[in-house]
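Here is what each chain is made of, one letter per residue.
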Amino acid sequence: MQQISNTFTTQKTDKQLRLSFLQPLLTDFQIIFDRDPAARNWFEVLCCYPGFHAMVLHRLAHWLHCHGVAFVPRLISHLGRFLTGIEIHPGAQIGQGVFIDHGMGVVIGETAIVGDYALIYQGVTLGGTGKETGKRHPTLGKNVVVGAGAKVLGNIQIGDRVRIGAGSIILRDVPSDCTAVGVPGRNICHKGVRGCPLEHAKLPDIEASIIRSLLERIEKLEQQLKVKS
Ligand SMILES: CC(C)(COP(=O)(O)OP(=O)(O)OC[C@H]1O[C@@H](n2cnc3c(N)ncnc32)[C@H](O)[C@@H]1OP(=O)(O)O)[C@@H](O)C(=O)NCCC(=O)NCCS
Ligand SMILES: CC(=O)OC[C@H](N)C(=O)O
């Protein structure tokens, strides 16, 4: 355990630790109104958003963890799991403005790093493959969207503004500005301007495009046969 924290956790000053607990909470709260069209008012968000409750508890647990407090951080994480259905190991490093929508079934492992403004849906695992030790969970860049039920496994790098399709299993690095979908995940990297991260319906449908190109090919071959006969 000591060895792990030495290898991947950067040493933080006391001031940084204070800020790392309190300051991001405000951003965590505010971002919900941008990210969830269903969010009505601050009272509703304060009372009815398990993702926000999980972030409050995690920031407390992580702060204690970084101060070397034993057992209590794990207990807070465990209680948070009962309350929200979201399990975040106190060692996980979570940026500000991260929103876990709905939340039930989310697991974030000990050595995971989640960049600012990530949007994570229910059933997501940021886990290990079971084959690595030490830093064994993924690192997510900024503004990453991880769709419902997606599993991002291993010490892999997910770039900034990456979108991961619902139900995907991602085992390899994904470059910034790309979309990853499927089991196992395939990277689709388009050049040019990207749409809003909440436009989930615009994720590429690889199977459909393969079928479309096969149909076009069959049509061409049929025309060639007609010309010959
Ligand atoms: C299956 C697993 C154990 C790896 O087994 P492995 O026999 O070592 O397999 P490899 O990593 O060598 O991968 C073999 C192939 O299977 C694919 N693969 C691996 N895991 C896969 C998964 N979960 N789903 C789909 N395909 C998978 C790989 O892409 C690879 O394909 P390729 O040869 O075309 O590149 C691991 O990937 C896994 O899923 N572990 C469970 C992790 C988990 O549940 N973590 C949650 C912790 S909270
Ligand atoms: C979240 C996860 O990967 O769990 C598997 C194991 N407990 C570990 O920490 O690696």
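Up top you'll find the structure we're talking about.
What comes next concerns the included structure. Please read these numbers as outputs of a predicted model, since none were measured by experiment. Residue positions are given per chain, counting from 1 as you read along its sequence in written order. Each chain takes a letter, starting from A, and each ligand takes a number, starting from 1, following the order in which they are written. In keeping with the predicted nature of the model, local features appear solely for residues at pLDDT of at least 70, side-chain atom pairs appear and are counted solely at 80 or more, and the whole-chain, interface and lining totals rest on all residues. Neither water nor hydrogens contribute to the side-chain values; these are computed over all heavy atoms in the structure.

## Observations regarding the sheet that holds strand 5 (residues 113–114)
Being paired, for any two strands, means DSSP has found at least two bridges between them. For helices the rule is a DSSP run of H or I covering at least 4 residues; for strands it is a run of E covering at least 2, with both sets numbered from the N terminus onward. Strand order in this open sheet of four strands is 2-5-8-11, and the pairing throughout is parallel. Because the sheet does not close on itself, it has two edges, and the strands there are strand 2 (93–94) and strand 11 (157–158). Here two bridges tie strand 8 (residues 139–140) to strand 11, and the two strands are oriented parallel to one another. Within strand 11, the position partnered with Thr139 by the bridge is Gln157.

## Quick look at the sheet that holds strand 10 (residues 151–153)
In spatial order, the strands read 1-4-7-10-13; together these five strands make up an open sheet with parallel pairing. Because the sheet does not close on itself, it has two edges, and the strands there are strand 1 (86–88) and strand 13 (169–170). Two strands pair when backbone bridges link them, and strand 10 and strand 13 are joined in this way by two bridges, in the parallel orientation. Note that in strand 13 the partner of Lys151 across the bridge is Ile169.

## Structural notes on helix 5 (residues 72–84)
Between its first and last C-alpha atoms helix 5 spans 18 Å; for 13 residues at 1.5 Å apiece the expected length is 18 Å, and the two agree. Only protein chains enter the accessibility calculation, which uses a 1.4 Å probe. A residue is then buried if its area is under 20% of the maximum for its type, exposed if over 50%, and partly exposed in between. Along helix 5, the positions that sit buried rather than exposed are Pro73, Ile76, Ser77, Gly80 and Thr84. Here the buried residues of helix 5 occupy an arc of 100 degrees about the axis, which is enough to place them on one side. Exposed and oriented more than 90 degrees from the buried face of helix 5 are Leu79 and Phe82. Residues of helix 5 that are buried in the fold lie against helix 4 (50–66) and strand 1. Just past helix 5, the residue Gly85 takes up positive phi, approximately 80 degrees. The length a helix should cover is 1.5 Å for every residue beyond the first. Each C-beta atom gives one direction from the helix axis, and the arc is the one those directions make. In what follows, residue pairs with any heavy atoms lying within 4.5 Å of each other are defined as contacts.

## Focus: the packing of aromatic side chains
Only rings of Phe, Tyr and Trp enter the pairing, Trp through its six-membered ring, and a pair is recorded when the two centres are within 6.5 Å. The plane angle decides the type: under 30 degrees is stacked, over 60 is edge-to-face, the rest tilted. Following the criterion strictly, the structure yields four aromatic pairs and no others. A ring pair is formed by Trp42 and Phe43, whose centres lie 6.0 Å apart and whose planes are at 85 degrees; its orientation type is edge-to-face. Under the relative-accessibility criterion, Phe43 is labelled exposed at 51%. Seen in terms of ring centroids, Tyr49 and Phe99 are 6.2 Å apart; in terms of plane orientation they differ by 35 degrees. Their pairing is tilted. Of the two residues, Tyr49 is situated in the loop between helix 3 (42–48) and helix 4 and Phe99 in strand 3 (residues 99–100); the sequence distance between them amounts to 50 residues. You can call Tyr49 buried: its relative accessible area is 9%. Phe99 gets classed as buried once you look at its relative accessible area, which sits at 1%. Ring pairing ties together the aromatic residues Phe29, Phe33 and Phe52, which thus form one cluster.

## Concerning the site of ligand 1
The rule for a residue being near a molecule or strand is that one of its heavy atoms must lie within 4 Å of it. Every residue near ligand 1 is listed here: Thr125, Gly128, Thr129, Lys131, Leu153, Ile169, Leu171, Arg172, Val183 and Pro184. In protein, a polar contact requires one atom able to donate a hydrogen and another able to accept it; more generally it is a pair of N or O atoms within 3.5 Å, and residues adjacent in sequence count only if both atoms are side-chain atoms. Contact between ligand 1 and Thr129: a nitrogen atom at 3.1 Å from a main-chain N or O atom of the residue. The side chain of Arg172 places a nitrogen or oxygen atom 3.0 Å from an oxygen atom of ligand 1. Basically, the charged four are Asp, Glu, Lys and Arg, the nonpolar ten are Ala, Val, Leu, Ile, Met, Phe, Trp, Tyr, Cys and Pro, and anything else, Gly included, counts as polar. Of the residues assigned to the shell around ligand 1, the class counts are five nonpolar, three polar and two charged.

## A few points about the environment of His89
As for its position among the elements, His89 is in the loop between strand 1 and strand 2. By relative accessible area, His89 is classed as buried at 14%. As for His89 and Gly109, which are separated by 20 residues in sequence, their C-alpha atoms are 5.5 Å apart. Apart from the residues within four sequence positions on either side, His89 is in contact with His58, Arg74, Ser77, Ile108, Gly109 and Glu110. A polar contact of 3.4 Å, which involves the side chain of His89, links it to the side chain of Arg74.

## Regarding the site of ligand 2
The environment of ligand 2 is formed by Val107, Gly109, Gly127, Gly128, Arg136 and His137. One of the side-chain nitrogen or oxygen atoms of Arg136 is found 2.6 Å away from an oxygen atom of ligand 2. Within the side chain of His137, a nitrogen or oxygen atom sits 2.9 Å from an oxygen atom of ligand 2. Relative to its unbound accessible area of 290 Å², ligand 2 is 52% covered by the protein chains. Here the shell around ligand 2 is composed, by residue class, of one nonpolar, four polar and one charged. Values of accessible area rely on a 1.4 Å probe in the Shrake-Rupley scheme; residue burial ignores everything except the protein chains shown.

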